[in-house]
Amino acid sequence: MNRLRSFVHMLREEFAGYSLATFQRDLLAAITVAAVALPLALAFGIASGSTPAAGLVTAIIAGIVIGGLSGASFQISGPTGAMSAVLIVVANQFGSEALLLLGFIAGVIILLVGLLKLGRTVLLIPRPVITGFTSGIAIIIFVGQLGNFLGARVAPAEPGILRIFGVNEESTVLKLLGYLRLDYAVNWQTILTGGIVLALIFMLPPSVSKRVPGSLLGIIAATALNLILGWQQPTIGEIPRTILLEQRLRLDSLSLDKVLDLAVPALSVAALGAIESLLCGAVGSKATGKKIDGDQELIAQGLGNIVLPFFGGVPATAAIARTSVAINSGGQTRLVSVLHGLILLLCALFLAPVLSHVPLAALAGVLMATSIRMNEWEEIRWMFRHRFKSAIALFFITMFATALLDLTQAIIIGVAISALVYIYQSSNVSVSRKPVDVQLLRAQGHQIESAHPDIEVVYITGPLFFAAVQAFRREFGEHQCARVLILSMRGVPLIDVSGLELLEEILEAQRQCGGELMLCALQPAVRHMLDRSGLTQEIGVHNIFWAADAAILEANRRLHEQEQNGVLVAQSVLKPA
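Residues numbered from 1 in each chain as written. Predicted model: local features only at pLDDT ≥ 70, side-chain atom pairs only at ≥ 80, totals over all residues. Heavy atoms only, no water.

1. Focus on the overall build of the chain
Heads up, the condition is: Each helix is a run of DSSP H or I of at least 4 residues and each strand a run of E of at least 2, with the numbering of both proceeding from the N terminus. Radius of gyration: C-alpha atoms only; globule rule: 2.2 Å multiplied by the number of residues to the exponent 0.38. Only heavy atoms matter for contacts: two residues are in contact if any of them lie within 4.5 Å across the pair. Where accessible areas are quoted, they stem from the Shrake-Rupley method and a 1.4 Å probe; at the residue level, only the protein chains shown are allowed to cover. Positive charges are assigned to Lys and Arg, negative charges to Asp and Glu, while His and the chain termini are left out of the count. One atom stands in for each charge, and that atom is NZ of Lys, CZ of Arg, CG of Asp or CD of Glu.
Of regular secondary structure, the chain possesses 28 helices and seven strands. In terms of C-alpha radius of gyration, the chain reaches 33 Å, well past the compact-globule figure of 25 Å for 577 residues. Along the three orthogonal principal directions, the C-alpha set of the chain runs to about 130 × 65 × 50 Å. Nonlocal contacts in the chain, meaning residues at least 24 apart in sequence, comprise 84% of its contacts between residues at least 6 apart. Summed over its atoms, the accessible surface of the chain is roughly 27,900 Å², and 63% of this surface lies on carbon and sulfur atoms. Put simply, the chain has 40 plus and 39 minus side-chain charges, and the middle of one group is 9 Å from the middle of the other.

What follows is the structure, encoded as C-alpha cells:
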C-alpha cells in the first residue's frame, strides 16, 4: 500500500498544472521518439534471435506499460542492443521460443528486486566492468550483423585449445575469426544497402538529424533503392498487422524443466535489465534535474517484462538513447512514452506492408551504427587519459570475456577481478610512531609539564582486515615493550576477525612485559566489533579514549602517579622504626 500511495503521489506531482500546451510538447516529443524507435525496434527484434514483429511489439507494449508505471517521467523503454546481445545467445542455444519464457522469468526476478527494495545492490557492479561489458556487447552486435551486411554466411573458426575455457562455436571471437579468413564471396548489393544506412547515420548534418533520425532516413533510402533497382536480397518479410503475435507465451506451455534450464540466463537478463534501467534513470535525472524512484522503476520493468511474452515480445529495458531523445525533444511527462507506443502501434497496423520490404542489410547498418555508438567513449577516454591501470585492465578483461565467453561468465569474471583489485588496494595500512608533542598539548589547553618517556603512541591508518594483517605486521615491526602503548585508530574504518586477533596479540605481548594497552579514536564500526568480541572488556573500558590527547594525558598521569607511589613506598621501607 505504501508503494501504491507513493506512486499516486508521484503522478499527482508530475501532472500538476498539466495543460493543452504541455500535451502538445509531449506529442511532438513522442513523434520524434517513435521515429527513432521504429527502425531500432525492427533491428533489435532480428538481433535478439526473434523477428522484426517481435521487436515492434516489444517497443509498443514497453512504451505503454513500462512507461506508464515508470519510476520517472522521462524513461523510454523497449528492445535494446545490450539486451539483444544476451538474447541471441539464448535463442541460438534453446530456440527463439525460449525467449518468451526467459523474459517472463526475468520479469519476475526484476519485480521481486523492486518490491524488496534491492535496487541499490544492482549498481554495486564497478563502472569499468559495466563499460567493458557494454563494449563487449557492441562487438557481439557488430559481428552478429556481418552476415547480413556482407550477404554471406561463414562458419566460425575452430575453438581448439580454447574449449578447456568453455569457449564453443557460438563465441563471437570465433565468428569474427571466421570472417577474417576472407574465403567467401560477398554480395555487393547488401554492402551498398548497409553502407547507405551507415553513411546517412554518421554523415547527416546535425541540423537534419535532429529533426529526422539518420537511421529512419537510411532505411527509407535503402528500401526505395532496393525496390527501384529490383535487387534480390533478403528482406524483413511479412509483419502481422496485430500486436498479438502467433508465437507468444501460453500458460499451458510452462514446465518446471524449461524454467530450470533458463534460470541462469534469466538471471543475466534480469541483472542487465535492472542495470540498464537504473543507469538510464541516472542519466535522465542528471539531464532533467528530476529524481527517479529506482524501486518503482524496477517494479515497472518487472511487470512490463512479465506481460510482454504473452503478446510475443522479447525482454525490454530502459533505453538511454531514446530517453535522451525524449528529453531533448521537450518531453514533459510519461505520456511521451505512452504516446510513442501508440504511434508505433499505428505503424504496425497501417504500415506493415511497407515495412515488410525493408532489406535485412539496411537493418544491419542500423545495428552496426548502434554498436559503434553504444560504447561509452567518454568513460573509456577518461580511464585512458588518467592512466588508471586497474580500471583499464578490468575494462579489457570484461570486454574480451563478454565477446569470448557468455555474458554471465563475463560479469562474474569482471566482478571477481574487481573485488580482488579492491582488496589488494585496501590492504595498504600505514603505521607511524610519533613522540608526544608537549607543546601541541599545551596549545590545545592541556596542563602538562612533560611527557613520560615510557609512553609510546602509534598511529594506524587503513582497514584492519584479513588482507591487511601482513602489511600491518611488516609496518609495526618487532614489538618493543612500552609501559603504556597507545594505538590511535581514527584512520581505521573497519576491522574484521583477523584484525581483532591482531589486537589480542598486541594486548598479550603488553601484558607479558608488564605494560598497558590503550586504544583511542575508535570509529563506531570498530568499537562495535570490539564490543561483540569481548575485547573491550579485556582491554578495559578505562583504557579506551575518544582522542589521542586524552589517552596521553591519562597515561602520563598514571605513570607519574605510579612512580610517586613507588617513591613513597621506598621511603616508608627505609624509614627507621
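2. Describing the nonpolar core
Our working rule: The set of buried Ala, Val, Leu, Ile, Met, Phe, Trp, Tyr and Cys residues whose side-chain atoms join them within 4.5 Å is what this entry labels a nonpolar core. For the exposure calls, accessible area comes from a 1.4 Å probe over protein chains only, and a residue counts as buried if that area is under 20% of its type's maximum, exposed if over 50%, partly exposed in between.
In this structure, Leu56, Leu102, Leu344 and Leu363 are the most contacted members of the largest nonpolar core, which totals 92 residues. The greatest single-element share of this core, amounting to eleven residues, is contributed by helix α2 (residues 20-47). Residue contacts for Leu344: discarding those within four places in its chain leaves Ala34, Ala37, Leu38, Leu56, Ala59 and Ile60. By size, the runner-up hydrophobic cluster in this structure holds 30 residues, among which are Ala468, Ala471, Leu517 and Leu522.

3. What about the confidence of the model for the chain?
The predicted coordinates ought not to be read in detail in places where the model reports low pLDDT. Let me state the cut-off plainly: pLDDT expresses how confident the predictor is about each individual residue, on a scale running from 0 to 100.
Looking at the chain as a whole, its pLDDT mean stands at 87, while 95% of the residues score no less than 70. Note on residues 567-571: pLDDT under 50 across the span, and zero contacts to partners over four residues away in sequence or across chains.

4. Description of a nonpolar patch on the surface
The test is simple: The residues that make up patches have over 30% relative accessible area and no salt bridge, and they are joined within 9 Å when like-charged or within 5 Å when they are Val, Leu, Ile, Met, Phe, Trp or Tyr. What makes a salt bridge here is a side-chain nitrogen of Lys or Arg within 4 Å of a carboxyl oxygen of Asp or Glu, nothing more.
Among the surface-exposed residues, Leu20, Phe23, Leu27, Leu28 and Ile31 lie close enough to one another that they form a single nonpolar patch of about 460 Å² accessible area. Note that Leu28 resides in helix α2.

5. Quick word on a negative patch on the surface
Taken together, the side chains of Glu501, Glu504, Glu508 and Glu538 present a region of like negative charge at the surface. In terms of residue count, helix α25 (residues 497-512) provides more of the negative patch than any other element does, three residues in total. Inspection of the secondary structure assignment puts Glu504 in helix α25.

6. Focus on the packing of aromatic side chains
To be explicit about the condition: Only Phe, Tyr and Trp rings are paired, with Trp represented by its six-membered ring, and only when their centres lie within 6.5 Å; those with planes under 30 degrees apart are stacked, over 60 edge-to-face, the remainder tilted. Throughout this description, the term charge over a ring refers to an Arg CZ or Lys NZ atom that lies within 6 Å of the ring centre and within 35 degrees of the ring normal.
Tallied over the entire structure, the rule returns eight aromatic pairs. With a centroid separation of 5.2 Å and an interplanar angle of 40°, the aromatic rings of Trp382 and Phe388 are classed as tilted. Among the residues examined, Phe388 registers a relative accessible area of 35% and is labelled partly exposed. Measuring from centroid to centroid gives 5.1 Å for Phe395 and Phe396, while their planes differ by 65°, and the two rings are edge-to-face. Accessibility expressed as a relative area gives 4% for Phe395, which makes it buried. Look at Phe396 and you get partly exposed, because its relative accessible area is 31%. What links up through ring pairs into an aromatic cluster is the set Phe384, Phe395, Phe396 and Phe400. Geometry around Tyr459 places Lys434 over its ring, the cationic atom sitting 5.4 Å from the centre.

7. Here's the deal with the sheet that holds strand β7 (residues 544-545)
Inclusion rule: A pair of strands is considered paired only if DSSP assigns at least 2 bridges between the two. To obtain each axis, a line is fitted to C-alpha atoms, and for helices this fit is confined to the stretch in contact; angles are then taken between N-to-C directions over 0 to 180 degrees.
With mixed pairing, five strands are arranged side by side in an open sheet as β3-β4-β5-β6-β7. In this open sheet, the two strands that pair with only one neighbour each are β3 (430-434) and β7. Alignment of strand β5 (residues 484-491) against strand β6 (residues 516-520), held across five bridges, turns out to be parallel. For Val484, the partnering residue across the bridge sits in β6 and is Glu516. Across the sheet, helix α24 (residues 469-476) lies against β3, β4 (455-461) and β5, angled at about 25° from β3, the strand it touches most.

8. With respect to the packing of α2 against helix α3 (residues 52-69)
The condition that has to hold: Reported orientations rely on four angle classes, namely roughly parallel under 35 degrees, roughly antiparallel over 145, roughly perpendicular from 65 to 115, and oblique for the rest. Each crossing gets its handedness from the near helix: less than a right angle anticlockwise from the far helix is left-handed, clockwise is right-handed. Ten residue types, Ala, Val, Leu, Ile, Met, Phe, Trp, Tyr, Cys and Pro, are classed as nonpolar, four, Asp, Glu, Lys and Arg, as charged, and the remainder, Gly among them, as polar.
At their nearest, the axes of α2 and α3 sit 6 Å apart, and the two run at 130° to each other. Between α2 and α3, the angle is such that the two are oblique. Every pair of crossing elements has a handedness; the one defined by α2 and α3 is right-handed. Facing α2, whose interface residues are Leu38, Ala41, Leu42, Gly45 and Ile46, α3 presents Pro52, Gly55, Leu56 and Ala59. A class-by-class count of the residues in the contact of α2 with α3 yields seven nonpolar, two polar and no charged.

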